[in-house]
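Residue strings, one per chain:
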Amino acid sequence: MEQFQVRGAAKERARGSRLEAITGVNASGNLEVLVERVLPDRECLVEVATAVTGFREIWEAVIQEFFERSSPGGLRFSINDGGARPDTVTLRLMQSARLMEAE
Amino acid sequence: MTNPAQTQAANLSNQSQLPDADWYEAYARDRVAGLLDPDTFVEFIGPEQRVMSPHLAQFDLTGAFDDGVVVGRGRLDGQKVFIAAQQGWFLGGAFGEVHGAKVLGLLRAARDSAGKDGPRAVLLLLDTGGVRLQEANAGELAISEIIGAILEVRNAGVPVLALVGGRAGAFGGGGIITACCSRIIVSKHARVSVTGPEVIETNKGVEEFDSKDRALVWRVCGARTRYLTGGADRYVKGTIKDFREAAIALIPHAPPFELATLKAEQKRLADRLQQFGDCRDATEIWRKAGLSEPERIADIADDAFLAIARPKGADHDAR
């Protein structure tokens, strides 16, 4: 197991008013993402706990790309990962950010 | 602190489509959302509280924010219910210390609040391989306490329904928990048993039980056999809505939990053992019970299966 954080700066505050959401499940090749609106408007953070060690660089690349694409300002994402592929990680992050857009 | 009721969970983008989603494929949170009346679910100890297993990290395993089970209250057809849903994809839905405590706490809350303002029923959406091996002692204890609590809830006049149709089935202690419920609803994918097929094969050899023979596994512990022999009360076609409708229909007809009920069930089981105890496979049971074309029962479509009249005694009212 490996745990680390990836911090980023967002262009703007994430849309919507929802305070928290969860998507996915920690299973083989899958992950769960808990997202909470708890940070200042221009900050974002992903906390990763992954079953597979040695892929931190790829995680950081995937997460930084997500920050640029979605601008999830104010959101903290917490991940429990069961060895998901990078595309699944991106999908879950996008899904969880989308859930927060609800009013 | 945020309100747990606001925790939005969705794995399907459109929540209004949930009732038509397949129970087997759906995650626990989607099953709950699709089963209950829309927007009525209030979660107890939601994932944002991070009440997780204290044991898994020792085994180098990542946990789940809800420890693999969702518990709370909501409304079913307007009536207040308590509900617990296991996440079969996370560690096989197995019972650990926190996971078990959440289910137990829900049942005790149902027992303590039984009456005019209490829940009309408790719904257990089981999807479990049994005890979580990494925290087995705590899991075993939780299961025995849950069994005791189910009987207390039933004794307080609140029916407890088991809904089984997920990938993990209901095995080990989960099978015993299922059997202790007032009513049991299954879909085609459901398996309800105590010792799992792989465990039997490991201990007694492949000639005793070939766990890789999927058809055999389902003939022995699958939903159709359970339904035809009285081990389940309702067989549904498999959408979340099918489970919802069955639960609504069964709650008013749960039998009273009393000595006469237990004696009648004991007699039914003794009769069943006498009648079918020497059968080696489900097809032998079905043939002996006088069902036509017993070798086809495992393979026919759900509609054709539901058209079969259950053998005498299976459609009992004595659980």
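Keep in mind it's a predicted model, so treat the numbers as computed, not measured.

**Brief notes about the overall build of chain A**
Along chain A, the regular secondary structure elements total 2 helices and 5 strands. Starting at the N terminus and ending at the C terminus, chain A contains elements arranged as β-β-β-β-α-β-α. A globule of 103 residues ought to have a C-alpha radius of gyration of about 13 Å, and chain A, at 12 Å, matches this closely. Counting only C-alpha atoms, chain A reaches 35 × 20 × 20 Å along its principal axes. Counting over 103 residues, chain A shows a buried share of 44%. Of the contacts made within chain A by residues no fewer than 6 positions apart, 86% connect residues no fewer than 24 positions apart.

**Considerations on the overall build of chain B**
Of regular secondary structure, chain B possesses 11 helices and 8 strands. A globule of 319 residues ought to have a C-alpha radius of gyration of about 20 Å, and chain B, at 19 Å, matches this closely. With respect to the principal axes defined by its C-alpha atoms, chain B has extents near 60 × 45 × 40 Å. Considering chain B as a whole, with its 319 residues, one finds that 50% of them fall into the buried category.

**A closer look at the packing of helix 1 (residues 28-35) of chain B against helix 8 (residues 240-250) of chain B**
Residue and element names in this part refer to chain B. At a minimum axis distance of 9 Å, the contact between helix 1 and helix 8 shows a crossing angle of 55°. Relative to helix 8, the element helix 1 is oriented oblique. Read as a crossing pair, helix 1 and helix 8 show a hand that is right-handed. Seen from helix 1, the contacting residues are R31, G34 and L35; seen from helix 8, they are I240, F243 and R244.

**So, unusual backbone geometry**
Residue and element names in this part refer to chain B. Of note, the phi angle at D39 is positive, near 60°, even though the residue is not glycine. Examined against the element boundaries, D39 turns out to sit in the loop between helix 1 and strand 2 (42-44). Assessed through the 10 C-beta atoms surrounding it within 10 Å, D39 is described here as exposed. Despite not being glycine, D77 shows a phi value in the positive range, around 55°. Within the secondary structure layout, D77 lies in the loop between strand 3 (69-76) and strand 4 (79-86). With 14 C-beta atoms counted inside 10 Å, the residue D77 sits in the partly exposed group.

**With respect to helix 2 (residues 97-112) of chain B**
Residue and element names in this part refer to chain B. With 16 residues, helix 2 should reach 22 Å at 1.5 Å per residue; the first-to-last C-alpha distance of 22 Å fits that figure. V98, H99, G100, A101, K102, V103, L104, L106, L107, A110 and R111 are the residues of helix 2 that are buried. Contacts from the buried residues of helix 2 go to strand 2, strand 3, strand 4, strand 5 (121-126) and helix 3 (136-155).

**What about the interface of chain A and chain B?**
Chain A puts 23 residues into the contact, and the matching count from chain B is 19 residues. For the side of chain A that touches chain B, the secondary structure elements donating two or more residues are strand 2 (20-24), strand 3 (31-37), strand 4 (43-50) and strand 5 (75-81) of chain A. For the side of chain A that touches chain B, the leading source of residues is strand 2 of chain A, giving 5 residues. For the side of chain A that touches chain B, the class distribution of residues is 11 nonpolar, 7 polar and 5 charged.

**Thoughts on the sheet that holds strand 2 of chain B**
Residue and element names in this part refer to chain B. One open sheet holds the 7 strands; their spatial order is 2-3-4-5-6-7-8, and the pairing between them is mixed. The open sheet is flanked by strand 2 and strand 8 (234-236), the only strands paired with a single partner. Mean inter-strand twist for the sheet, computed between neighbouring axes without regard to direction, equals 25°.

**Here we look at the nonpolar core**
Within the largest apolar cluster, 111 residues are counted, with the highest numbers of intra-cluster contacts made by B:L107, B:V122, B:L123, B:L124, B:L161, B:L163 and B:V186. Excluding residues within four positions of it along the chain, B:V186 makes contact with B:V164, B:G165, B:V192, B:A223, B:R226, B:Y227, B:A232 and B:Y235.

**A look at the pairing of strand 2 of chain A**
All names here are of chain A. A large share of strand 2 lies buried, amounting to 5 of its 5 residues. Across 5 bridges, the pairing between strand 2 and strand 3 is antiparallel. Looking across to strand 3, one finds that T23 is bridged to V33.

**Things to note about the pairing of strand 3 of chain A**
All names here are of chain A. For strand 3, the buried fraction is high: 7 of the 7 residues fall into the buried class. On strand 3, burial covers both faces: L31, V33, V35 and R37 on one face and E32, L34 and E36 on the other are all buried. Hairpin connection from strand 2 to strand 3: 6 residues lie between these consecutive antiparallel strands, with G29 at a positive phi of about 75°.

**A short note on the environment of B:A162**
All names here are of chain B. Relative to the helices and strands, A162 resides in strand 6 (residues 160-164). Judged by the 27 C-beta atoms lying within 10 Å of it, A162 is buried. In this structure the C-alpha to C-alpha distance between A162 and L126, which are 36 residues apart in sequence, comes to 6.7 Å. With sequence-adjacent residues up to four places away left out, A162 is seen in contact with L124, L126, T178, C181 and I184.

**Details of the packing of helix 1 (residues 56-70) of chain A against helix 2 (residues 86-99) of chain A**
Residue and element names in this part refer to chain A. Axis separation between helix 1 and helix 2 bottoms out at 10 Å; the angle between their running directions is 35°. As for the relative orientation of helix 1 and helix 2, their crossing is right-handed in sense. The segment helix 1 lies against helix 2, with I58, V62, F66 and S70 engaging P86, V89, T90, L93, M94 and A97. For the contact of helix 1 with helix 2, a count of residues per class yields 8 nonpolar, 2 polar and no charged.

**Quick look at the confidence of the model for chain B**
Residues and elements named next belong to chain B. The share of residues in chain B with pLDDT of 70 or more is 94%, and the mean pLDDT across the chain is 92. In the model, residues 1-8 has pLDDT below 50 throughout and makes 21 contacts with residues more than four positions away in sequence or in other chains. We note a pTM of 0.95 for the whole complex and an ipTM of 0.96 for its interfaces.

Parameters at a glance
Residues numbered from 1 in each chain as written. Chains lettered and ligands numbered in written order. Predicted model: local features only at pLDDT ≥ 70, side-chain atom pairs only at ≥ 80, totals over all residues. Helix = DSSP H or I, 4+ residues; strand = E, 2+ residues; numbered from the N terminus. Rg over C-alpha atoms; globule rule 2.2 N^0.38 Å. Buried ≥ 20, exposed ≤ 12 C-beta atoms within 10 Å, placed from the backbone. Contact = placed C-beta atoms within 7 Å. Axes fitted to C-alpha atoms, helices over the stretch in contact; angles between N-to-C directions. Parallel < 35°, antiparallel > 145°, perpendicular 65-115°, else oblique. Left-handed = near helix turned anticlockwise from the far one by under 90°. Expected span 1.5 Å × (residues − 1). Nonpolar A, V, L, I, M, F, W, Y, C, P; charged D, E, K, R; others polar. Pairing = 2+ DSSP bridges. Core = buried A, V, L, I, M, F, W, Y, C linked by C-beta atoms within 7 Å. pLDDT = per-residue confidence, 0-100.

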